[in-house]
Amino acid sequence: MQRIKYKYLLTVCAFSIIVFVSACGTVDEEKPSCSGVLSTEGSGNNDVLVWSDEFDTDGLPCNENWTYDVGKGQGGWGNNEVQFYTRDKNAYVENGVLKITAKKQTYSGAEYTSARIKTQNRFSFTYGRVEVRAKLPLGGGTWPAIWMLGENITSVGWPTCGEIDIMEHRGNFPGEPSSAIHNSSGFGDTPYVSHPPKDLSVTSEFHIYAINWTKDKIEFIKDDLIHYVYQPRFKDAANWPFNKNQFIILNVAMGGTLGGSIDPNFTSSAMEIDYVRVYQ
């Protein structure tokens, strides 16, 4: 009798384990682990990898790393952009690459959809080297951006929080990405802007867009070329809000003040991101 009860208990336990494992597998599929997230402490020389997303898991961007801006935004996100940013329709990881895709499609009152993902409330930092390996979308009116905003934007607003544009590209001017700074001393049509040498391969090949941000300056880099250094003489609040945490944003806008007119034949195009890495 004892032997029968023991076998019964084994059977129940085995069944429970199978159910538990199956349930855990389902959860893992819905919320994949974030590959590349690190807890390493930096050296202070921007040479130790402390955070990354390698986009190794197919599906939606990992929610431990990224959150979303959703909607049309007030005034087209302040830039007269015409896309509707979605939560789960336009950003997808496939074969080791994150694709943020702008599409011509009617959605929630807009004629185009896209995505804007960010590390706000997930990961922010002060000083570091940021590297993003990316291939840019093709098409008139596309406006992809790899950029950063001060974490204190919710309390002090823009441009007081400071904005670092690692890369922006206007599809109407192919091969001419740009980098810029926005702060209280120069914003909107900012004087703090630079263009690396023209390169038509930016929409057909991957390139590395980076900054090296220290307590004294911000260097803007495409591949191995430093093409701009922002190093203001005065480190006051107007010129140097960059002594506080910033978070990373990846998006593709359509039209707007920088994107310009949209090619009527445009259907869809994606910014492809191989990885995002932060060194400290």
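Treat the numbers as computed from the prediction; the structure is a model and nothing was measured. (Residues numbered from 1 in each chain as written. Predicted model: local features only at pLDDT ≥ 70, side-chain atom pairs only at ≥ 80, totals over all residues. Heavy atoms only, no water.)

Chemist: Which parts of the structure should I look at to understand the overall build of the protein?
Modeler: Counting its regular elements, the protein contains 4 helices and 17 strands. Taken over 280 residues, the protein has a buried fraction of 48%. In the protein, of all internal contacts separated by at least 6 residues, the share reaching a separation of at least 24 is 68%. With an accessible surface of roughly 13900 Å², the protein has 51% of that area assigned to carbon and sulfur atoms. (Helix = DSSP H or I, 4+ residues; strand = E, 2+ residues; numbered from the N terminus. Buried < 20%, exposed > 50% of the residue type's maximum accessible area, 1.4 Å probe, protein only. Contact = heavy atoms within 4.5 Å. Areas by Shrake-Rupley, 256 points an atom, 1.4 Å probe, with all protein chains shown as cover.)

Chemist: Explain the confidence of the model for the protein here, please?
Modeler: Note that predicted coordinates carrying low pLDDT should not be read in detail. Of the residues in the protein, 86% reach a pLDDT of 70 or more, and the chain-wide mean stands at 89. In this model residues 1-32 is a low-confidence stretch, pLDDT under 50, and it forms 3 contacts with partners more than four residues away in sequence or in other chains. (pLDDT = per-residue confidence, 0-100.)

Chemist: What is the right way to look at the packing of aromatic side chains in this model?
Modeler: What characterises a pair of aromatic rings is the spacing of the ring centres plus the angle enclosed by the ring planes. Counted by the stated rule, this structure contains 15 aromatic pairs. Ring plane angle 50° and centroid distance 5.6 Å describe the contact between Trp-77 and Tyr-85, whose orientation is recorded as tilted. Cation over ring: Arg-170 sits above Phe-173, and NZ or CZ is 4.2 Å from the ring centre. Sitting over the ring of Trp-240, Lys-235 keeps its end group 5.2 Å from the ring centre. (Phe/Tyr/Trp six-rings, centres within 6.5 Å; stacked < 30°, edge-to-face > 60°. Lys NZ or Arg CZ within 6 Å of the ring centre and 35° of its normal.)

Chemist: What is the right way to read the pairing of strand S4 (residues 91-94) from this model?
Modeler: Look at any regular strand and the pattern is simple: side chains alternate between the two faces of the sheet. In S4, alternate side chains face the same way, and those of Ala-91 and Val-93 are buried while those of Tyr-92 and Glu-94 on the opposite face are not. Here S4 pairs with strand S5 (residues 97-107) via 4 bridges, running antiparallel. Residue pairing in the sheet places Ala-91 in a bridge with Ile-100 of S5. Connecting S4 to the antiparallel partner S5 that follows it, the hairpin turn spans 2 residues, and Asn-95 within it adopts a positive phi of roughly 55°. (Pairing = 2+ DSSP bridges.)

Chemist: For this particular structure, what's the right way to read the sheet that holds strand S12 (residues 193-194)?
Modeler: Backbone-to-backbone hydrogen bonds join strands into a sheet, with any given pair of strands oriented parallel or antiparallel. Judged by pairing direction, the sheet is antiparallel, and its 7 strands sit side by side in the order S2-S7-S16-S9-S10-S11-S12 without closing on themselves. Two strands lie at the open edges of the sheet, namely strand S2 (67-69) and S12, each paired on one side alone. Sheet topology note: the strand S9 (residues 142-150)/strand S16 (residues 246-254) ladder contains 9 bridges and is antiparallel. For Ile-146, the partnering residue across the bridge sits in S16 and is Leu-250.

Chemist: Can you walk me through the environment of Tyr-92 in this structure?
Modeler: Relative to the elements of secondary structure, Tyr-92 occurs in strand S4. Accessibility expressed as a relative area gives 44% for Tyr-92, which makes it partly exposed. In the structure, Tyr-92 is positioned 33 residues away from Gly-59 in sequence and 5.6 Å away in space, judged by C-alpha atoms. Residues contacting Tyr-92, with those up to four places away along its chain left out, are Gly-59, Leu-60, Val-97, Leu-98 and Lys-99.

Chemist: Help me understand the pattern of salt bridges in this model?
Modeler: When the charged atoms of two side chains with opposite charge come close together, those side chains can pair. Overall, the coordinates contain 11 salt bridges when judged by the stated rule. With a closest N to O distance of 2.6 Å, Lys-118 and Asp-69 form a salt bridge. Residue Lys-118 is located in strand S7 (residues 116-118), and its partner Asp-69 is located in strand S2; the two are separated by 49 residues in the primary sequence. The exposure classification of Lys-118 matches that of Asp-69, with both residues buried. A salt bridge links Arg-129 to Glu-131; the shortest N-O distance between them is 2.7 Å. (Salt bridge = Lys/Arg side-chain N within 4 Å of Asp/Glu carboxyl O.)

Chemist: Would you mind showing me how to read the nonpolar core here?
Modeler: One broad rule of soluble globular proteins: the nonpolar side chains tend to lie buried together. Ile-248 and Leu-250 are the most contacted members of the largest nonpolar core, which totals 45 residues. Ranked by size, the runner-up nonpolar core spans 6 residues in total, among them Ala-145, Trp-147, Leu-149 and Phe-247. (Core = buried A, V, L, I, M, F, W, Y, C linked by side-chain atoms within 4.5 Å.)

Chemist: Looking at this structure, how should I read the environment of Gly-59?
Modeler: For Gly-59, the position within the fold is in the loop between strand S1 (49-53) and S2. Judged by relative accessible area, which is 10%, Gly-59 ranks as buried. Remark: the alpha-carbon pair of Gly-59 and Ala-91, spanning 32 residues in sequence, is separated by 8.8 Å. Filtering out sequence-adjacent residues up to four positions away, Gly-59 remains in contact with Tyr-92 and Val-93.

Chemist: Hey, could you run me through the pairing of strand S17 (residues 268-279) in this one?
Modeler: Extensive coverage of S17 is indicated by the burial of 10 of its 12 residues. When S1 meets S17, the two strands line up antiparallel, connected through 4 bridges. Residue pairing in the sheet places Trp-51 in a bridge with Val-278 of S17. Note: S5 against S17, 6 bridges, orientation antiparallel. Looking at S17, one finds that Leu-98 is bridged to Ile-273. Bridge count for strand S8 (residues 128-135) against S17 is 7 bridges, and the pairing is antiparallel. Directly across from Arg-129, in S17, lies its bridge partner Tyr-279.

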